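# Observations on chain architecture
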2 protein chains.
Amino acid sequence: MLHAIVLAGGSGTRFWPASRRALPKQLLAIGPDPSRSLIAATLERLAPLCPVERVLIATGEHLLPATRAALPELPPSAFLGEPVARNTAPCIAWATAIAARRDPDAILCVLPSDQHIADVPGFRAALERAVAATADGAIVTIGVKPTRPETGYGYIELGAEEAPGVRAALRFVEKPTRSVAEGYVDSGRFVWNAGMFFFKASALLAAVAEHLPSLYEAIEAIEAAARVGEDEERRVTRERFPSMPDISIDHGVMEKVRGLRVVPSDFGWSDLGSWESAWELSPRDDAGNAAPAGAVLRDAQRNLVRDLRTDGRQRVIALVGVDDLCVVETDDALLVLPRERAQDVKLVVEALKGSARSSLT
Amino acid sequence: MLHAIVLAGGSGTRFWPASRRALPKQLLAIGPDPSRSLIAATLERLAPLCPVERVLIATGEHLLPATRAALPELPPSAFLGEPVARNTAPCIAWATAIAARRDPDAILCVLPSDQHIADVPGFRAALERAVAATADGAIVTIGVKPTRPETGYGYIELGAEEAPGVRAALRFVEKPTRSVAEGYVDSGRFVWNAGMFFFKASALLAAVAEHLPSLYEAIEAIEAAARVGEDEERRVTRERFPSMPDISIDHGVMEKVRGLRVVPSDFGWSDLGSWESAWELSPRDDAGNAAPAGAVLRDAQRNLVRDLRTDGRQRVIALVGVDDLCVVETDDALLVLPRERAQDVKLVVEALKGSARSSLT
């Protein structure tokens, strides 16, 4: 049966002031639907194929309360809190072992919790195709058809077709230069690595044993402890996590594994990397502004206005004669910056971190 | 003795969202001193020459409570509330008659309540010179040496010197065209009309009798009623005000009166006409930003940031990569617009006036 590992760690600063250390991006409703957090939307997309009873949420221990609060329909056992952050390989191997404990024949899909997908039926079709392609023990990934020569993503080179809509994955390429990325897009032979992986639990654990033996040994120790009891499992997990290799599943396993497959797809994927992507995905008026209904905009074009205050007080946001700005306010912060500099939110976070007001980050 | 009429009517919209119908500009601390309203600063400048006991504040009836609250040191009798707005000629004639009732030999200075003056000793010197020039019954004004070919102000042409620092006023010119204004500035023969007037009560009332006889008749009726008693005075004032001529003291009296004098001056005057002037007058950092101490500014230059919230909650305002903006927030509004478009605040006020949210104007 299909189980899901939803990756919900990380501490996005790129959506400050909405995102905070204790409130990362996946817990925010920054997508086009202002009523649903990204992680809740992720589970909703998944529900027809993998109901919540078979979902594991892998997050940081410190994020457990906020993450549980964002997903009240999940049982407590669905939440895995990493004692320390050790990138994705340890947490995926760990969650896979736990799923295998519950269902030795588990097929797993690993999905990020903080992406946006416009074409949900298209996504589900790709996911079913990827799951089917795991039947013979292969590890499978979904690759997103690139729409621009993005230099911030990893790419996967497509090989021969192995089944309808399923290609061999020839190699992973980390963030290429602009000109290389342009060549990739023009060639039609490359897709973006969207961080979605599909495998039988046994296949992933075998790959971990081969390519990350020290991690496999730690996972085995946790499994042995789990057979003793929950307290022992907790103790050994806490003991072993800090010395697990701090490596991504991409570098640690996917780039090395033989017979990796990729399902090239095109379902309106966005990694929602900044306020700029939030603007791109949001409904906009004729002047290109994405703003709350009550905002007053005059001679203002292509602005993103987000009012994320929670105090419920009436307030008007007025923009006159400004174009291409992000204006975001929360209860304790106001941010104004050009959309094209959306990545530079980090400058503010850095400035606050080094100040008496680090609580605002 | 010197008495003062401080003009505190009007309903500035140019400082929205700080200014509102019920909270006009003079009641705001938008000058360089964030602890003092403009009207309080006006009285403070005046105090050594004209203590508060001899000050009359002419305002609209609806503004009386807020104006009294801004000037708690003044006695209730200092506040004159116009039943309806009828421009400056009626209210100056009315206030002059009331001052004359208290002191038949009163010399009056009429001063706007919403200006900023950088060089206070210079201002006081000009004022004393102007007061001295009223001795023979002349009406006197202070003219401000123009620093730019401003097309939004009235100008006064200077004539012969009648006493040291006192010139004849040849004529008033309303808001000239740009090229005419440039000629005025270059000639050195023109000064800005700053709306400050000085006269013996008897001289102003005689000029009103000559040039605005219907107004004079109404004022006489109020004076007759005042001799009957306060209730009668209130009744007749309320009865007569609506039919008084709706005309400025400039048009109604000053442009027509013979022997008008002007004291040309240069004391760092500003009419604080917009957020742009507030920026000009404010202390600024090396990058030209006038912002609260806690604001985070990165690659941001020459911005005006005003946090006028009163809820006392900690809040950070962050600007990255934006130049020459006004960012102003109050408890119920946020405004973002370029400094050079500061006058266009009125577009927001107009939009709100025509909406369900006219309470925000």
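Residues numbered from 1 in each chain as written. Chains lettered and ligands numbered in written order. Predicted model: local features only at pLDDT ≥ 70, side-chain atom pairs only at ≥ 80, totals over all residues. Heavy atoms only, no water.

### What about the state of the cysteines?
All names here are of chain A. Taken as a whole and judged by the stated rule, the model has zero disulfides over all chains. Here Cys-91 stays free of any disulfide, with the sulfur of Cys-109 as its closest cysteine sulfur at 14 Å. A relative accessible area of 4% places Cys-91 in the buried class. (Disulfide = S-S within 2.5 Å. Buried < 20%, exposed > 50% of the residue type's maximum accessible area, 1.4 Å probe, protein only.)

### Quick notes on the relation of the copies chain A and chain B
With an RMSD of 0.1 Å, the operation that places chain A on chain B is a rotation of 180° combined with a shift of 0.0 Å along the axis. Interpreted geometrically, this transformation is the action of a two-fold axis. Across chain A, the smallest distance between a C-alpha and the rotation axis is recorded for Val-336 of chain A, namely 4.4 Å. Same-surface contact between copies: 100% of interface residues of chain A are shared with the interface of chain B. (Least-squares fit on C-alpha atoms with pLDDT ≥ 70 in both. Contact = heavy atoms within 4.5 Å.)

### Observations concerning the confidence of the model for chain A
On average, residues of chain A carry a pLDDT of 95, and 100% of them reach 70 or more. As scored by the predictor, the complex reaches a pTM of 0.85 and an ipTM of 0.85. (pLDDT = per-residue confidence, 0-100.)

### Considerations on the pairing of strand β4 (residues 107-112) of chain A
Residues and elements named next belong to chain A. For β4, the tally of buried residues reaches six of six residues, placing the bulk of the element in the interior. Here β4 shows a buried face lined by Ile-107, Cys-109 and Leu-111 and a second buried face lined by Leu-108, Val-110 and Pro-112. Pairing analysis gives six bridges linking strand β1 (residues 2-7) to β4, with the strands arranged parallel. Paired with Leu-7 across the bridge in β4 is Pro-112. Where β4 and strand β9 (residues 190-200) come together, four bridges link them in antiparallel fashion. The residue bridging Cys-109 from the neighbouring strand is Phe-198, located in β9. (Helix = DSSP H or I, 4+ residues; strand = E, 2+ residues; numbered from the N terminus. Pairing = 2+ DSSP bridges.)

### A look at the pattern of salt bridges
Pairing of side chains with opposite charge becomes possible as their charged atoms draw close. Scanning the entire structure with this criterion turns up 60 salt bridges over all chains. A salt bridge links Asp-344 of chain A to Lys-346 of chain A; the shortest N-O distance between them is 3.7 Å. Taking the relative accessible area as the measure of exposure, Lys-346 of chain A reaches 38% and is therefore partly exposed. The shortest N-O distance in the salt bridge between Asp-332 of chain B and Arg-20 of chain B comes to 2.8 Å. One end of the pair, Asp-332 of chain B, is in the loop between β15 (325-329) and β16 (333-338); the other, Arg-20 of chain B, is in the loop between β1 (2-7) and α1 (38-46), and 312 residues separate them in sequence. Asp-332 of chain B gets classed as partly exposed once you look at its relative accessible area, which sits at 23%. Arg-20 of chain B sits in the buried class, given a relative accessible area of 12%. What you see here is one network of salt bridges that share partners, running through Asp-307, Arg-309, Asp-311, Arg-313, Arg-315 and Glu-329 of chain A together with Asp-307, Arg-309, Asp-311, Arg-313, Arg-315 and Glu-329 of chain B. (Salt bridge = Lys/Arg side-chain N within 4 Å of Asp/Glu carboxyl O.)

### Notes on the packing of helix α1 (residues 38-46) of chain A against helix α4 (residues 120-132) of chain A
Residue and element names in this part refer to chain A. Following both chains from N to C, one finds α1 and α4 inclined at 65°, their axes separated by 10 Å at the closest point. With respect to the hand of their crossing, α1 and α4 are arranged in right-handed fashion. On α4, the residues that touch Glu-44, Arg-45 and Leu-46 of α1 are Val-120, Phe-123, Arg-124 and Leu-127. Classifying every residue of the contact of α1 with α4 by side-chain character gives four nonpolar, no polar and three charged. (Axes fitted to C-alpha atoms, helices over the stretch in contact; angles between N-to-C directions. Left-handed = near helix turned anticlockwise from the far one by under 90°. Nonpolar A, V, L, I, M, F, W, Y, C, P; charged D, E, K, R; others polar.)

### Here's the deal with helix α7 (residues 213-228) of chain A
Since there are 3.6 residues in each turn of an α-helix, residues three or four apart along the chain are aligned in direction. Residue and element names in this part refer to chain A. With 16 residues, α7 extends 23 Å from end C-alpha to end C-alpha; this agrees with the ideal 22 Å at 1.5 Å per step. Buried residues of α7: Leu-215, Ala-218, Ile-219, Ala-221, Ile-222, Glu-223, Ala-225 and Ala-226, and no others. Buried-residue contacts for α7 involve α3 (88-102), α6 (201-211) and α8 (230-240). (Expected span 1.5 Å × (residues − 1).)

### Things to note about the interface of chain A and chain B
Each side of the interface is counted separately: chain A has 37 residues, and chain B has 37 residues. Buried area between chain A and chain B, both sides added, is near 3,200 Å², and the carbon and sulfur share of it is 58%. Looking at the side of chain A facing chain B, the largest losses of area belong to Arg-315, Val-320 and Leu-334 of chain A, adding up to 20% of the total buried there. For the pair chain A and chain B, the interface holds six salt bridges. Here Arg-341 of chain B and Asp-299 of chain A are joined by a salt bridge, their closest N and O atoms 2.6 Å apart. Among the elements of the structure, β12 (296-298), β14 (316-320), β15 (325-329), β16 (333-338) and α11 (345-353) of chain A are those that each provide at least two residues to the side of chain A that touches chain B. Ranked by residues supplied to the side of chain A that touches chain B, first place goes to β16 of chain A with six residues. A per-class count over the side of chain A that touches chain B returns 21 nonpolar, four polar and 12 charged. Sheet analysis places β16 of chain A next to strand β14 (residues 316-320) of chain B, joined by four bridges and oriented parallel. Bridge assignment links Leu-335 of chain A to a residue of β14 of chain B, and that residue is Ala-318 of chain B. (Buried area = accessible area lost by both parts, 1.4 Å probe.)

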